Amino acid sequence: MDGLYRLSLRVGQVVNIKAKVNRAFNTSMEVGIVVICEDLFTDRHWRVCNACATFVTQRTHTGNKVQLKPITPQSQREQVQYSVAAERRRVRMVHDDIIKDLLSDRSFQQADSLAVDNAVAAERTKVESVELVLPPHANHQVNTFGGQIMAWMVNVATIAASRLCQAHPTLRTIDMFTFRGPSQVGDRLLLRAIVNNAFKNSMEVGVRAEAYHGEGPNRHINSAFMTFEVLDANGTPCTLPRIRPEPLEGSRRFQEAIARKKIRLDRKYIISCKQSEVPLSVPLDPRNQVYLTYNNVSALKMLAARNNWLLNSEKDKVRLYTLEQKSTLSIRVEAEVDVPAHRAFSLLAELRNRTAWDTHYQECELIRPVDDDDFLYRVVTPSVGHGGIAVPGSANQGGGILQDFILLASRRRPCGSGDPYVIALRSVSLPTHPPTEGINRGAVLCAGFTILETRNNTSLISYYNQASPEVLPYISTDIAGLSSSFCHTFFSCSQYLARNRLQSTDKEQTNQSMDRDREVATSESVTDSLASSLNSTQL
């Protein structure tokens, strides 16, 4: 479970806790939790904490896992959470790999490794506590309440943080709170906490919980990384003393804390803020690429889930919708084509194919793959003021001058029945590909395709494009021309798909079969994969 604490609660305040299943997979589910504080005298409500928790089903007496029934989202908000839950699960699965990649980077290993004068020895912050699990601490299955374990872990973490700052720290975030196994009534829980690293205004405390009964061995049942701050009378974070890590294991925890901080900052910068607050082109590097791809896919899914689209025009069975939101204008073009969804996905996912049907794509080259499902491309198109609207969208307007884009293309296959194929596009910046003299560098805020299997091997293909504020004045003055341009281009896309409907290669047929197997295998093995990933992680 990951949690973000925005404000602290005080004695006497009323707390409302709301929880709802965002999505049920085959044998696991994601539950969204929101904690809201209420002032009874002013009728004011404010959000204190939000978190996402993953639950897995238990095995039955036959040894088989309980199969969960899928849920159907009813509202627009539920649809957004349902769609994005699959991408969040993907991020959780690769979290440990991100840490390993960061630690293997030589430039990262040299950072923050200098000795600091007057640093506090990490040994001084160690805390150990033993708690006896009693009947009030357990549920009807005689397993210890997860919230009770979390409360005990927060207590020891707070004491460890206090030993460093010699003040009353405030909990800000909890990262990777993982339940590795249960504990029962009668167990003793051994809780250990230590400050892994201290930064300018925050510190990370690692907590480990082990359970034992009688003379039996200790069982590692929980781990978490908690971030604390110390606030002054004005609510401003105070400067903290630095930490001197223990040899060997302490140095490992010290470096991993730096990696987790970088990940948290990137996550906050890319995911937590509003879409309009994210720069059009975010630099891509190993530590943020997972969250950039997450933002890329989730932004398109949230745009597609909006229910206030207005039909602007319809021509040759191609429908164009518009959506106005403050300083942005979003376009949705859709049509039903007589092409199987998997085939349409394979044709549209490769951007280099787009030059065959989109006149705006004059050049398209693959820079490099980011991973198996994400790729970087450089696209050259006419500028906004010349030759019509460039499909990617531009932040520059120069008559007769070409413009190029560095695009992150994220491809996602359906996670379950009823899910669409997704091809999401957004701009990023690369130090290896600076702007070229004589060519304007454009930017894509949010664009891409969703492809949904309908009936009899036909597909509903929708294209989305969220225009940036800089290009909005041009679009708003020529909405009729925009409609004609998009509909003509989309009609060409439909014809291209129809021409190539049956020209699938042996490799694609193999991939299609593997995709069907993967949908079943991934759902059935997600719990085992999580357990394997957790067992390989050290605190």
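Residues numbered from 1 in each chain as written. Predicted model: local features only at pLDDT ≥ 70, side-chain atom pairs only at ≥ 80, totals over all residues. Heavy atoms only, no water.

> Tell me about the overall build of the protein, residues and numbers included.
Of the regular secondary structure elements, the protein holds ten helices and 22 strands. Scored against the burial criterion, the 539 residues of the protein give a buried share of 48%. Counting only contacts in the protein whose residues sit at least 6 apart along the sequence, the fraction spanning at least 24 positions is 67%. Accessible surface for the protein amounts to roughly 26,500 Å². Of this, 52% is attributable to carbon and sulfur atoms. (Helix = DSSP H or I, 4+ residues; strand = E, 2+ residues; numbered from the N terminus. Buried < 20%, exposed > 50% of the residue type's maximum accessible area, 1.4 Å probe, protein only. Contact = heavy atoms within 4.5 Å. Areas by Shrake-Rupley, 256 points an atom, 1.4 Å probe, with all protein chains shown as cover.)

> I'd love a proper account of the pairing of strand E3 (residues 28-39), names of residues and values included.
With respect to burial, E3 is a largely interior element, nine of its twelve residues being buried. As consecutive antiparallel partners, strand E2 (residues 14-24) and E3 are separated by three residues. With twelve bridges joining them, E3 and strand E4 (residues 44-56) adopt antiparallel strand pairing. Along E4, the bridge assignment pairs cysteine 37 with tryptophan 46. Two successive antiparallel strands, E3 and E4, enclose a turn made up of four residues, where aspartate 43 displays a positive phi of approximately 60°. (Pairing = 2+ DSSP bridges.)

> So what's going on with helix H6 (residues 289-304)? Which residues, and what values?
Compared with the 22 Å implied by 1.5 Å per residue over 16 residues, the 23 Å span of H6 between its first and last C-alpha is a close match. Counting buried positions over the 16 residues of H6 gives 14, a clear majority of the element. (Expected span 1.5 Å × (residues − 1).)

> Pulling in residues and values, what's your account of the nonpolar core?
Residues Met153, Met203, Val205, Val207, Met226, Phe228 and Ile243 are the most contacted members of the largest nonpolar core, which totals 40 residues. For this core, the secondary structure elements donating two or more residues are helix H4 (146-165), strand E7 (170-179), strand E8 (188-198), strand E9 (203-212), strand E10 (219-229) and helix H5 (249-272). In terms of residue count, the dominant contributor to this core is H4 (eleven residues). What phenylalanine 228 contacts, discounting residues up to four positions off in sequence, is Ala157, Thr158, Ala161, Pro169, Thr170, Leu171, Asn201, Ser202, Met203 and Val205. In this structure, Val333, Cys364, Cys487 and Leu497 belong to the second largest nonpolar core, which totals 39 residues. (Core = buried A, V, L, I, M, F, W, Y, C linked by side-chain atoms within 4.5 Å.)

> I'd love a proper account of helix H2 (residues 95-104), names of residues and values included.
Those residues of H2 that sit buried are His95, Asp96, Ile98, Ile99 and Leu102. The arc that holds every buried residue of H2, seen down its axis, measures 160°, which confines them to one face. (Arc of directions from axis to C-beta.)

> Help me get a handle on the pattern of salt bridges, residues and values and all.
Counting across every chain of the model gives 26 salt bridges. Ionic pairing is found between glutamate 246 and arginine 253, a salt bridge with its closest N-O pair at 2.7 Å. With relative accessibility at 12%, the residue glutamate 246 sits in the buried group. For arginine 253, a relative accessible area of 12% corresponds to the buried category. Ionic pairing is found between arginine 354 and aspartate 358, a salt bridge with its closest N-O pair at 3.0 Å. Judged by its relative accessible area of 4%, arginine 354 is buried. Owing to a relative accessible area of 1%, aspartate 358 belongs among the buried residues under this scheme. Here the residues in one salt-bridge network are Glu204, Glu249, Arg252, Glu256 and Arg260, joined through shared partners. (Salt bridge = Lys/Arg side-chain N within 4 Å of Asp/Glu carboxyl O.)

> Describe unusual backbone geometry, naming the residues involved and giving the relevant values.
Located in the positive-phi region is glutamine 166, a residue other than glycine, with phi close to 55°. Structurally, glutamine 166 can be placed in the loop between H4 and E7. Taking relative accessible area as the criterion, glutamine 166 reaches 66% and is therefore assigned exposed.

> Explain the environment of arginine 47 to me, and be specific about the residues and the numbers.
Along the chain, arginine 47 turns up in strand E4. Sequence separation between arginine 47 and valine 34 is 13 residues; the distance between their C-alpha atoms is 7.4 Å.

> Please provide a residue-by-residue account of the pairing of E2, values included.
Direction of pairing for E2 relative to E3: antiparallel, over a ladder of ten bridges. Residue pairing for E3: valine 21 is matched across the bridge by valine 31.

> Would you mind going over the packing of aromatic side chains in detail, with residue names and values included?
Summed over all chains, the structure comprises five aromatic pairs. Relative to phenylalanine 179, the ring of phenylalanine 177 has its centre 4.9 Å away and its plane inclined at 65°; by these criteria the two rings are edge-to-face. Judged by relative accessible area, phenylalanine 179 falls into the partly exposed class, the value being 44%. Judged by centre distance (5.0 Å) and plane angle (55°), the rings of phenylalanine 449 and tyrosine 463 are tilted. Linking phenylalanine 449 in strand E21 (residues 446-453) with tyrosine 463 in strand E22 (residues 459-467), this pair joins segments that are 14 residues apart in sequence. The two residues phenylalanine 449 and tyrosine 463 agree in class, both being buried. Grouped by ring-pair contacts, the aromatic residues Trp357, Phe449 and Tyr463 constitute a single cluster. The ring of tyrosine 82 carries the charged tip of arginine 23 above its face, separated from the ring centre by 4.1 Å. In this arrangement the basic side chain of arginine 260 is found over the ring face of phenylalanine 225, its NZ or CZ atom lying 3.6 Å from the centre. (Phe/Tyr/Trp six-rings, centres within 6.5 Å; stacked < 30°, edge-to-face > 60°. Lys NZ or Arg CZ within 6 Å of the ring centre and 35° of its normal.)

> Help me get a handle on the packing of helix H1 (residues 76-93) against H6, residues and values and all.
Between H1 and H6, whose axes approach to 9 Å, the crossing angle comes to 165°. In terms of axis orientation, H1 runs roughly antiparallel to H6. Crossing geometry of H1 relative to H6 is assigned as right-handed. Taking contact as the criterion, the partners of Val80, Ser83, Val84, Ala86, Glu87, Arg88, Arg90 and Val91 in H1 are, on H6, Val290, Tyr291, Thr293, Tyr294, Val297, Ser298, Lys301 and Met302. (Axes fitted to C-alpha atoms, helices over the stretch in contact; angles between N-to-C directions. Parallel < 35°, antiparallel > 145°, perpendicular 65-115°, else oblique. Left-handed = near helix turned anticlockwise from the far one by under 90°.)

> Pulling in residues and values, what's your account of the confidence of the model for the protein?
When pLDDT is low, close inspection of the predicted coordinates is not appropriate. In this model, the protein carries an average pLDDT of 80, and 79% of its residues clear a pLDDT of 70 or more. Across residues 385-399, confidence stays below pLDDT 50; counting only partners more than four residues off in sequence or on other chains, it has 52 contacts. For the stretch residues 474-481, pLDDT sits under 50, and the model shows nine contacts to residues farther than four places along the chain or on other chains. (pLDDT = per-residue confidence, 0-100.)

> Explain the side chain of serine 459 to me, and be specific about the residues and the numbers.
Mapped onto the fold, serine 459 is located in strand E22. The class for serine 459 is buried, based on a relative accessible area of 0%. From its side chain, serine 459 meets the backbone oxygen of valine 339 in a polar contact 2.5 Å long. The contacts of serine 459, once residues within four sequence positions are left out, are Ala335, Glu336, Val337, Val339, Pro340, Ala341, Ile451, Leu452 and Thr454. (Polar contact = N/O pair within 3.5 Å; in protein donor to acceptor, adjacent residues only side chain to side chain.)

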